[in-house]
Amino acid sequence: MTQIIPAILDKTPEEFKKHVEQLQNSHTFQEGWIHIDFADNKFVPNETIGVDVIEKYPTTLQKEAHLMVNNPLKWIEDLKKAGFKRVVFHFESEDNPGEVIKSIKESGMEAGIAINPDTKIDQLEPFKDKLDQILIMGIVPGFQGQPFIPETIQKIKALKSKNWPVVISIDGAVRDTNAKSLIEAGIDQLVSGSYLLIGDIDENIERIWEAIS
């Protein structure tokens, strides 16, 4: 069954605290996952809260880190200490992908690779048996609220056709109007940020479920 995972991209501790409380009070996500974006203002032109803020506001939700950073290797140890279960880093980052995957796995966490809209799926071939997840970006990473890139649908279908032993996720502009086509293309997990968090979370997710039912 498809998972819907809320994404948080926050610049201040106050924003993060607010969003975590929203999710904790939600009937839908009390036992689910939360996708937390980290940006270093180098890999993308945006800077978010650090891992120290996550530790300050603990949550019962299972945490997935999305590292939009140049050097993901520097983040692994702190993410492990903060209780993250999964780490997704960008193939386009400066660190060697194989080394990053190894570090994540040795830390006891699941490993995922995210790819930008202009990155070809075939570039991930050497890592297909080492990954738990591939996260396809439906927007240029860095900021929430951007329009969905239509060509992403074909990219998902191409990845699905390879039958690699990985969970396929989509992040960026995921909402009720495109959820059904994303699932039909082969997506396992829908990661949604601003669409879910603005307004009533439970009503927003219900609209997605209605769209895909």
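Everything that follows concerns the structure shown earlier in this document.
Throughout, residues of each chain are indexed from 1 in the direction in which the sequence is written. Local features in this predicted model are restricted to residues whose pLDDT is 70 or higher, and side-chain atom pairs enter the listing and the counts only when it is 80 or higher, whereas totals over whole chains, interfaces and linings include all residues. No hydrogens and no water enter the side-chain calculation; it runs on all heavy atoms of the structure.

(A) Structural context of the environment of Glu 110. Numbering of helices and strands runs from the N terminus, with a helix taken as a DSSP run of H or I at least four residues long and a strand as a DSSP run of E at least two residues long. Examined against the element boundaries, Glu 110 turns out to sit in strand 5 (residues 110–115). As a C-alpha pair, Glu 110 and Glu 64 span 46 residues in sequence and 9.0 Å in three-dimensional space. Once residues lying within four places of it in the same chain are set aside, the contact partners of Glu 110 are Lys 85, Arg 86, Val 87, Ile 104 and Asp 132. Two residues form a contact once any of their heavy atoms are found within 4.5 Å.

(B) Structural detail: the packing of aromatic side chains. Each Phe, Tyr or Trp ring (for Trp, its six-membered ring) is paired with any other whose centre lies within 6.5 Å, and the angle between the two planes then decides the class: stacked below 30 degrees, edge-to-face above 60, tilted in between. The tally for this structure, following the rule as stated, stands at two aromatic pairs. Measuring from ring centre to ring centre gives 5.5 Å for Phe 38 and Trp 75, while their planes differ by 50°; the resulting arrangement is tilted. Here Trp 75 lies in the loop between strand 3 (62–68) and helix 3 (76–81) and Phe 38 lies in strand 2 (residues 33–39), a separation of 37 residues in the sequence. Of the two residues examined, Phe 38 and Trp 75, each falls in the buried class. Each residue in the set Phe 38, Trp 75 and Phe 84 is aromatic and connected to the rest through ring pairs, giving one cluster. In this analysis the charged atom, NZ for Lys or CZ for Arg, is taken to sit over a ring once it is within 6 Å of the ring centre and within 35 degrees of the ring normal. Taking NZ or CZ as reference, Lys 63 lies 5.5 Å from the ring centre of Phe 84, over its face. Exposed residues in this analysis have more than 50% of their type's maximum accessible area, buried residues have under 20%, and partly exposed residues fall in between, with area computed by a 1.4 Å probe over protein chains only.

(C) Local environment of the sheet that holds strand 1 (residues 3–8). Taken together, the eight strands give a closed barrel; going around it, the order is 1-2-3-4-5-6-7-8, and neighbouring strands pair in parallel fashion. Taking the axes of each pair of neighbouring strands and ignoring which way they run, one obtains an average angle of 25° across the sheet. Taken together, the five bridges between strand 6 (residues 133–137) and strand 7 (residues 167–171) define a ladder with parallel strand orientation. Paired with Leu 135 across the bridge in strand 7 is Ser 169. Together, strand 1 and strand 2 form the strand contacts of helix 1 (residues 13–24), whose direction differs from that of strand 1 by roughly 155°. Strand pairing is defined by DSSP finding a minimum of two bridges between the two strands. For helices, the axis comes from a line fit to the C-alpha atoms of the stretch in contact; other axes are also lines fit to C-alpha atoms, and the angle between any two N-to-C directions lies between 0 and 180 degrees.

(D) Seen up close, the side chain of Ser 93. Secondary-structure assignment places Ser 93 in the loop between strand 4 (84–90) and helix 4 (97–106). Under the relative-accessibility criterion, Ser 93 is labelled buried at 9%. Residues in contact with Ser 93, not counting those within four places in the same chain, are Phe 43, Val 69, Asn 70 and Pro 72.

(E) Expanded view of the layout of surface pockets. Cavities and pockets are defined on a 1 Å grid built over the protein atoms alone: a cavity is a set of grid points where a 1.4 Å probe fits but cannot escape, while a pocket is an open set with protein on both sides within 12 Å along at least five of seven lines, and lining residues are those with an atom within 4 Å of any such point. Grid points are joined across faces, edges and corners, and a volume is the space filled by probe spheres set on the points. Estimated volume of the largest pocket: approximately 250 Å³. Along the walls of the largest pocket sit 23 residues, with Ile 139, Gln 144, Gly 145, Gly 172 and Ala 173 positioned nearest its centre. For the lining of the largest pocket, the elements supplying multiple residues, two or more each, are strand 3, strand 8 (189–192) and helix 7 (194–197). Residue polarity is assigned by list, with Asp, Glu, Lys and Arg as charged and Ala, Val, Leu, Ile, Met, Phe, Trp, Tyr, Cys and Pro as nonpolar; anything else, Gly included, falls into the polar class. Per-class residue counts for the lining of the largest pocket are eleven nonpolar, nine polar and three charged.

(F) Up close: unusual backbone geometry. In this structure, Asn 41 is a non-glycine residue whose phi angle is positive, near 65°. Structurally, the position occupied by Asn 41 is in the loop between strand 2 and helix 2 (51–56).

(G) Geometry of helix 1. A helix's residues, less one, multiplied by 1.5 Å, set its expected span. Helix length check: helix 1, at twelve residues, gives a terminal C-alpha distance of 16 Å against a target of 16 Å (1.5 Å per residue), a fit within 8%. For helix 1, the set of buried residues is Phe 16, His 19, Val 20 and Leu 23. Across the axial projection of helix 1, the buried residues extend over an arc of 100°, all falling on one side. Exposed side chains of helix 1 directed beyond 90 degrees from the buried face belong to Glu 14 and Lys 18. Contacts from the buried residues of helix 1 go to strand 1, strand 2, helix 2, helix 7 and helix 8 (201–212). What the arc describes is the spread of directions from the helix axis to the C-beta atoms.

These values are about where atoms sit, not about what they do.
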